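Residue strings, one per chain:
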Amino acid sequence: MMNDPIQRFKSQPWQQLFLVAFPTVLLASVVDFLFKILFQSVPELQKLFLSSNFFSSLILFGAGVAMGALAVYFCDFRRSKLFLNAGSLWALVLCLIIALAVINLILNLIPIPLFLVNWSQLTVIGILVGVFWKGRPYWR
């Protein structure tokens with residue numbers, strides 16, 4: 001019965017995973033806002049990091065990797081309520097993507113410009129890499 005993909009999808013600990021995903025993205029948004037303030041106060045730093053498309057892309061990818069790894073790290077704290085395996089890691093990626101979309105939607109309604117925590121392919125790929133890199137012991 002557990003070979004049924006729909007049943008495996010339904011049996012994931014969605015509530016616990018969302019309780020990890022939303023604080024992770026919120027924490028990343030706060031850090032992003034602090035970086036934005038730093039870049040505004042030190043224009044040379046902004047010019048150094050954001051002048052090149054390569055560095056901008058690398059920073060977006062790195063922010064996604066950090067969010068994904070941080071989410072798995074938070075899951076480790078909730079180990080008594082959350083059992084991680086390959087299926088729940090995929091579910092965590094989905095929860096992080098949904099949390100990222102919701103937080104971006106809310107922050108777009110409030111005029112708070114963010115740089116690192118935005119909806120982009122590089123950020124989503126970074127989240128995927130971060131979750132499965134940090135969650136490597138839970139693949140089996």
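To be clear, the structure that these remarks concern was listed above.
Residues numbered from 1 in each chain as written. Predicted model: local features only at pLDDT ≥ 70, side-chain atom pairs only at ≥ 80, totals over all residues. Heavy atoms only, no water.

Over its 24 residues, helix H5 (residues 86-109) runs 35 Å from end to end, which matches the ideal 34 Å to within 8%, given 1.5 Å per residue. The N-cap residue of H5 is Asn 85: its side-chain oxygen and the backbone nitrogen of Gly 87 are 3.1 Å apart. (Helix = DSSP H or I, 4+ residues; strand = E, 2+ residues; numbered from the N terminus. Expected span 1.5 Å × (residues − 1). Polar contact = N/O pair within 3.5 Å; in protein donor to acceptor, adjacent residues only side chain to side chain.)

Across the interface, helix H4 (residues 53-77) lies against helix H6 (residues 121-134) with an axial gap of 6 Å and an inter-helix angle of 40°. The orientation of H4 relative to H6 falls into the category oblique. For the pair H4 and H6, the sense of crossing is right-handed. Mapping the contact onto sequence places Ser 57, Leu 60, Phe 61, Gly 64, Val 65, Met 67, Gly 68, Ala 69, Val 72, Tyr 73 and Asp 76 in H4 and Leu 122, Thr 123, Ile 125, Gly 126, Ile 127, Val 129, Gly 130, Val 131, Trp 133 and Lys 134 in H6. By residue class, the composition of the contact of H4 with H6 is 13 nonpolar, six polar and two charged. (Axes fitted to C-alpha atoms, helices over the stretch in contact; angles between N-to-C directions. Parallel < 35°, antiparallel > 145°, perpendicular 65-115°, else oblique. Left-handed = near helix turned anticlockwise from the far one by under 90°. Contact = heavy atoms within 4.5 Å. Nonpolar A, V, L, I, M, F, W, Y, C, P; charged D, E, K, R; others polar.)

As far as function goes, none of this settles anything; it's purely spatial.
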